[in-house]
There are 2 protein chains.
Amino acid sequence: MSDDNLMTIRQMCDAYEATPRTLRFYEAKELLFPIRQGTKRLYTRRDRARLKLILRGKRFGFSLEEIRQLLDLYDLGDQQATQLAKTYELATQRLSDMVNQREELDEAIEELKQQLEWGEKRLAELHASSAAE
Amino acid sequence: MSDDNLMTIRQMCDAYEATPRTLRFYEAKELLFPIRQGTKRLYTRRDRARLKLILRGKRFGFSLEEIRQLLDLYDLGDQQATQLAKTYELATQRLSDMVNQREELDEAIEELKQQLEWGEKRLAELHASSAAE
DNA sequence: TCATCGCTTGACGTGAACGTAAGTTAAACG
DNA sequence: CGTTTAACTTACGTTCACGTCAAGCGATGA
């Protein structure tokens, strides 16, 4: 009853567009903890959830070490009270970081849109002048 | 009349929390083009605008090479028509990347908020049980 | 039984983005 | 005129995040 929903390294790689090397690397960095059947790795639902978060974190520009700390937030089992409080504080900090990043991203999107409008005009001009000639 | 509003490398570093090495590195990578007074670098308003975009791009997880291409969007002088069109296309692509990233960021923020609520409950429980004892 | 396939563990290599140390030069100051 | 001071060049070093062999192990199929 526990055998299903486990994945081999290759299945993982195919599912998440990663390489075996990458998954082993993340394991060495203690980001993933697949179980072992003999020598082979088997990835659980938990590993898949973590991997999703890892890849997402990377797209946001976080380092693997930062991501490792963030991961603890998403699966705080039964930690010590002090540890839980620390984790909680770090989470609120990260949350505010992300909100800031979202504001900046909105700005950037808006600016880029304006540049695109400008570029459209220029392109239209160039097209008009070449047609006139 | 052109002397003001130019900055030395140190002023730039102080203003943008960068190191001289970093600014020279960006120059070597053709991201910045300070003018030279003898051997020394003088950074213009244009350089400052570009540096802001560089630092922002890094926070979004772009590589310097990607950023270099994006920078051309923000100051497309009079380019060739074909080049302008290429640049334009790349910009729309990047824009859609950023919009996607924004959606993901929203998700991430929402999930993290929920985790925080969960953490609050746990903390409250722990506090209650320790007070009862 | 033998060969192939998939996974494994080292171990060294690589590109990006700088850091750092050594030595040089130009301007400014006492 | 000597000496700090600040910026410069050159070049090698470092960290991160993997890539890329090389060699071995375990199941599976002919």
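Within each chain, residue numbers correspond to sequence positions counted from 1 in written order. In the order they appear in the text, chains get letters beginning with A and ligands get numbers beginning with 1. The model is predicted, so local features are restricted to residues of pLDDT at least 70 and side-chain atom pairs to those at 80 or more, both for listing and for counting; the totals for chains, interfaces and linings are taken over all residues. Excluding hydrogens and water, the side-chain values take into account all heavy atoms of the structure.

If you check an unreviewed UniProt entry, chain A appears there as DNA-binding transcriptional regulator, MerR family from Aliiruegeria lutimaris.

> What should I look at first to understand the relation of the copies chain A and chain B in this one?
Superposing the two chain copies requires a rotation about an axis and a translation along that axis. A residue counts toward the fit only if its pLDDT is at least 70 in both copies, and the copies are then superposed by least squares on the C-alpha atoms of those residues. Overlaying chain A on chain B yields an RMSD of 0.2 Å, the required transformation being a rotation through 180° with an accompanying axial translation of 0.0 Å. Here the copies are linked by what is in effect a two-fold axis. Across chain A, the rotation axis passes nearest the C-alpha of Gly61 of chain A, at a separation of 1.9 Å.

> How should I be thinking about the nonpolar core in this particular structure?
Nonpolar side chains in soluble globular proteins tend to end up buried together. Take the buried Ala, Val, Leu, Ile, Met, Phe, Trp, Tyr and Cys residues and link them wherever side-chain atoms come within 4.5 Å; each set so joined is a nonpolar core. The buried label applies to any residue whose accessible area, calculated with a 1.4 Å probe on protein chains only, is under 20% of its type's maximum; exposed applies above 50%, and partly exposed to all values in between. By size, the foremost hydrophobic cluster in this structure holds 58 residues, and its most contacted members are Leu23 and Leu51 of chain A together with Leu23 of chain B. Delimitation of the domains relies on an automatic or database domain assignment. Two domains each donate at least three residues to this core, and these are domain 1 (1-62) and domain 2 (76-133) of chain B.

> Can you walk me through the interface of chain A and chain B in this structure?
Frequently, the measure chosen for interface size is the accessible area removed from exposure when the parts meet. Note on definitions: a residue-residue contact is assigned when non-hydrogen atoms from the two residues lie within 4.5 Å. Between chain A and chain B, the residue contacts involve 39 residues of the former and 39 residues of the latter. Computed with a 1.4 Å rolling probe, the buried area is the accessible surface lost when two parts are put together, summed over both parts. Three residues stand out in chain A for area buried against chain B, namely Tyr88, Leu105 and Leu112 of chain A, and they jointly supply 16% of the buried area on that side. The shortest N-O distance in the salt bridge between Glu111 of chain A and Arg56 of chain B comes to 3.2 Å. Within 3.5 Å is the distance limit for a polar contact, defined as a pair of N or O atoms, with the added protein rule that one can donate a hydrogen and the other accept it, and that residues adjacent in sequence qualify only through two side-chain atoms. At the junction of chain A with chain B, the criterion picks out twelve residue pairs in polar contact (both at pLDDT 80 or more). Each helix corresponds to a stretch of at least 4 residues labelled H or I by DSSP, and each strand to a stretch of at least 2 residues labelled E; elements are numbered beginning at the N terminus. Going through the elements one at a time, helix H3 (45-59), helix H4 (64-74) and helix H5 (81-132) of chain A are the ones with two or more residues in the side of chain A that touches chain B. Counting residues per element, the side of chain A that touches chain B draws most heavily on H5 of chain A, which supplies 29 residues. Each residue gets one of three labels, nonpolar for Ala, Val, Leu, Ile, Met, Phe, Trp, Tyr, Cys and Pro, charged for Asp, Glu, Lys and Arg, and polar for the others, Gly among them. When grouped by side-chain class, the residues that make up the side of chain A that touches chain B number 21 nonpolar, six polar and twelve charged. Take a side-chain nitrogen of Lys or Arg and a carboxyl oxygen of Asp or Glu: if they are within 4 Å of each other, that pair is a salt bridge.

> Honestly, the protein's contact with DNA strand D in this entry has me stumped. Any pointers?
With respect to spatial proximity, 16 residues lie near DNA strand D, and among them Thr19, Tyr26 and Lys58 of chain A together with Thr39 and Arg41 of chain B are the closest. Here Thr22 of chain A contributes a side-chain N or O atom positioned 3.4 Å from a phosphate oxygen of DNA strand D. With respect to DNA strand D, the side chain of Arg24 of chain B contributes an N or O atom lying 3.0 Å from a phosphate oxygen. Looking at the surface near DNA strand D, the elements with two or more residues in it are helix H2 (20-28) of chain A together with helix H1 (9-16) and strand E2 (40-42) of chain B. Here the surface near DNA strand D takes four residues from H2 of chain A, the largest share from any one element. Grouping the amino acids of the surface near DNA strand D by side-chain chemistry returns four nonpolar, five polar and seven charged. We call a residue near a molecule or strand as soon as one heavy atom of that residue lies within 4 Å of the molecule or strand.

> It is not clear to me how the environment of Gln114 of chain A should be interpreted in this structure. Could you clarify?
Residue and element names in this part refer to chain A. Considering the arrangement of structural elements, one finds Gln114 in helix H5. Relative accessible area serves as the criterion here: at 53%, Gln114 is assigned to the exposed category. Each C-alpha atom of the pair Gln114 and Leu71 lies 37 Å from the other, and the pair is 43 residues apart in sequence.

> Is there a simple way to explain the pattern of salt bridges in this structure?
Side chains carrying opposite charge are able to pair once their charged atoms draw close together. Counted by the stated rule, this structure contains 20 salt bridges over all chains. When the shortest N-O distance is used, the salt bridge between Arg59 of chain B and Glu104 of chain A registers 2.6 Å. Of the two residues, Arg59 of chain B is situated in helix H3 (residues 45-59) and Glu104 of chain A in helix H5; the pairing between them involves two chains. Given the relative accessible area of 42%, Arg59 of chain B is considered partly exposed. Three or more residues joined by partner-sharing salt bridges are found here, namely Arg102 and Asp106 of chain A together with Arg102 and Asp106 of chain B.

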